[in-house]
Amino acid sequence: MLFVLPSLPAFSQAKRSKVYEEYIKTYKSVAIDHLKRHKIPASITLAQGLLESGAGQSDLARRANNHFGIKCHSDWKGEKVYKSDDNPNDCFRKYKNASESFEDHAQFLKKARYSTLFTLKITDYRSWARGLQVCGYATDPAYANKLIKIIEDYDLYLYDMQGSSSTGKGNTTQTSKPPVTYKHTPYRTHGLIYIIARDGDTYESIASEFNFKVKDLCKYNEVPRGFPLNNGDWVYFENKKSKADKPYYEHIVKVGESMHSISQKYGLKVKNLYKLNKKDYEYVPVEGDILRLR
């Protein structure tokens with residue numbers, strides 16, 4: 001089986017915030033430690049910290065060292081600060097330092113309310129983000145999708161693999177000829193050839209199986225090297241299209257979807273999905289949004 005692959009432009013990432021990058025640099029070791037000790041994905045810890053605290057720049061983070069927006073609740077015995085949120089004078093937890101906030105966040109997620117999260121694969125940040133919203137961590141209807149966008153924009157999933165002792169590198173050996181048998185069955189949809197990933201797959205292992213260059217496979221799927229795969233993800237073997245095929249005219253956004261995951265569903269380039277909907281890269285799809293596909 002031989003696939004002739006068209007060339008693609010280089011993968012381009014979103015413009016990154018230096019403040020966000022400094023926050024990640026400061027707290028990534030804490031997040032990895034919490035993955036090992038508390039079984040919470042490092043990507044989720046970092047993304048929630050970035051989102052809830054504005055990368056440590058929010059008033060709550062500065063005044064109370066509260067990086068996760070956790071309110072007092074009836075069982076809180078520590079110091080408190082008050083500020084407007086859902087109500088004009090909501091009570092929030094105050095900590096001596098950021099480390100206390102990170103540890104309290106881990107203990108907070110271990111409550112029964114969030115127990116279903118710990119049945120999820122630790123590298124499946126999409127399901128964790130979706131689960132946090134479903135369990136009611138925040139009232140923002142775009143909460144899960146915002147977390148996913150931060151994780152994908154800043155490659156935070158790499159810390160999940162690092163912390164779980166899985167490098168995600170897979171087999172990077174390039175063979176001179178394709179293997180005799182294949183673990184995956186290629187399909188064709190939207191006029192494109194693709195396979196469906198299984199647990200344990202990486203872009204590197206799939207590239208090796210089908211005699212691709214890893215960099216090409218990543219370009220076709222518009223992801224950086226090291227991007228994680230989950231069971232059921234689609235991996236394209238050729239350039240995606242500028243618009244979806246008929247009859248796919250619109251998509252209604254669900255919880256836990258990103259512009260990239262939507263683009264994969266329809267074999268549509270991410271940049272074209274933004275362009276078709278006249279959105280800039282800062283846009284986060286919200287549950288119920290209707291996106292044009294062609």
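Reference entry: report on the structure contained in this document.

About the cut-offs
- Residues numbered from 1 in each chain as written.
- Predicted model: local features only at pLDDT ≥ 70, side-chain atom pairs only at ≥ 80, totals over all residues.
- Heavy atoms only, no water.
- 1 Å grid on protein atoms, 1.4 Å probe; cavity = no way out; pocket = protein on both sides within 12 Å on 5 of 7 lines; lining within 4 Å.
- Points joined across faces, edges and corners; volume = space filled by probe spheres on them.
- Helix = DSSP H or I, 4+ residues; strand = E, 2+ residues; numbered from the N terminus.
- Nonpolar A, V, L, I, M, F, W, Y, C, P; charged D, E, K, R; others polar.
- Disulfide = S-S within 2.5 Å.
- Buried < 20%, exposed > 50% of the residue type's maximum accessible area, 1.4 Å probe, protein only.
- Contact = heavy atoms within 4.5 Å.
- Core = buried A, V, L, I, M, F, W, Y, C linked by side-chain atoms within 4.5 Å.
- Salt bridge = Lys/Arg side-chain N within 4 Å of Asp/Glu carboxyl O.
- Axes fitted to C-alpha atoms, helices over the stretch in contact; angles between N-to-C directions.
- Left-handed = near helix turned anticlockwise from the far one by under 90°.

## Details of the layout of surface pockets
Step number 1: The calculated volume of the second largest pocket comes to roughly 520 Å³.
Step number 2: Lining the second largest pocket are 23 residues, with Glu52, Gly69, Asp85, Tyr137 and Ala138 positioned closest to its centre.
Step number 3: Only helix H2 (42–53) and helix H6 (143–153) provide two or more residues apiece to the lining of the second largest pocket.
Step number 4: Class assignment for the residues of the lining of the second largest pocket results in ten nonpolar, five polar and eight charged.

## Thoughts on the state of the cysteines
Step number 1: In total, this model carries one disulfide according to the counting rule given.
Step number 2: In this model, cysteine 72 is linked to cysteine 91 through a disulfide, with the two sulfur atoms separated by 1.9 Å. Its S-S torsion of approximately -70° makes the covalent link between cysteine 72 and cysteine 91 left-handed. Of the two residues, cysteine 72 sits in the loop between helix H3 (59–64) and strand E1 (80–83) while cysteine 91 sits in strand E2 (residues 90–93), which places them 19 residues apart along the sequence. The residues cysteine 72 and cysteine 91 share a single accessibility class, namely buried.

## Brief notes about the side chain of glutamine 48
Step number 1: Among the structural elements, glutamine 48 can be located in helix H2.
Step number 2: On the accessibility criterion, glutamine 48 (0% relative accessible area) is buried.
Step number 3: Ignoring any residue separated from it by four or fewer positions in sequence, one finds glutamine 48 in contact with Ser53, His67, Phe68, His105, Leu109, Leu132, Tyr137, Tyr143 and Leu147.

## Comments concerning the nonpolar core
Step number 1: Membership of the largest hydrophobic core comes to 62 residues, with the highest contact counts inside it found for Tyr137, Leu156, Leu217, Val235 and Phe237.
Step number 2: Apart from residues lying up to four places away in sequence, tyrosine 137 is in contact with Gln48, Glu52, Phe68, Ile70, His105, Phe108, Leu109, Arg113, Tyr114, Leu132 and Tyr143.
Step number 3: Within the second largest apolar cluster, 13 residues are counted, among which are Val253, Ile262, Leu268 and Leu291.

## A few points about the pattern of salt bridges
Step number 1: One pass over the full model with this rule turns up 18 salt bridges.
Step number 2: In this structure, aspartate 75 engages arginine 93 in a salt bridge whose closest nitrogen and oxygen atoms are separated by 3.6 Å. Separated by 18 residues along the polypeptide, aspartate 75 in the loop between H3 and E1 and arginine 93 in strand E2 bring together distant segments of the chain.
Step number 3: Classification of aspartate 75 as partly exposed rests on a relative accessible area of 43%.
Step number 4: On the accessibility criterion, arginine 93 (3% relative accessible area) is buried.
Step number 5: Two residues, glutamate 204 and arginine 225, come together in a salt bridge whose shortest N-O distance is 3.4 Å.

## Observations regarding the packing of helix H1 (residues 18–38) against helix H4 (residues 98–109)
Step number 1: For the pair H1 and H4, interaxial distance at closest approach is 11 Å and the crossing angle is 35°. For the pair H1 and H4, the crossing hand works out as right-handed. Residue-level inspection shows Tyr23, Tyr27, Val30, His34, Arg37 and His38 of H1 in contact with H4, the latter providing Ala98, Phe102, Glu103, Ala106 and Gln107.
Step number 2: Looking at side-chain class alone, the contact of H1 with H4 contains six nonpolar, three polar and two charged residues.

## Examining the environment of threonine 116
Step number 1: Within the secondary structure, threonine 116 sits in the loop between H4 and helix H5 (125–134).
Step number 2: As for threonine 116 and glycine 131, which are separated by 15 residues in sequence, their C-alpha atoms are 7.8 Å apart.

## Thoughts on helix H10 (residues 259–266)
Step number 1: Along H10, six of the eight residues are buried, which leaves the element largely enclosed by surrounding structure.
Step number 2: Those residues of H10 that sit buried are Met259, His260, Ile262, Ser263, Gln264 and Tyr266.
Step number 3: Its buried side turned inward, H10 meets H6, strand E5 (234–236), strand E6 (250–252), helix H11 (270–276) and strand E7 (290–292).
Step number 4: Two residues or fewer after H10 comes glycine 267, characterised by a positive phi angle close to 65°.

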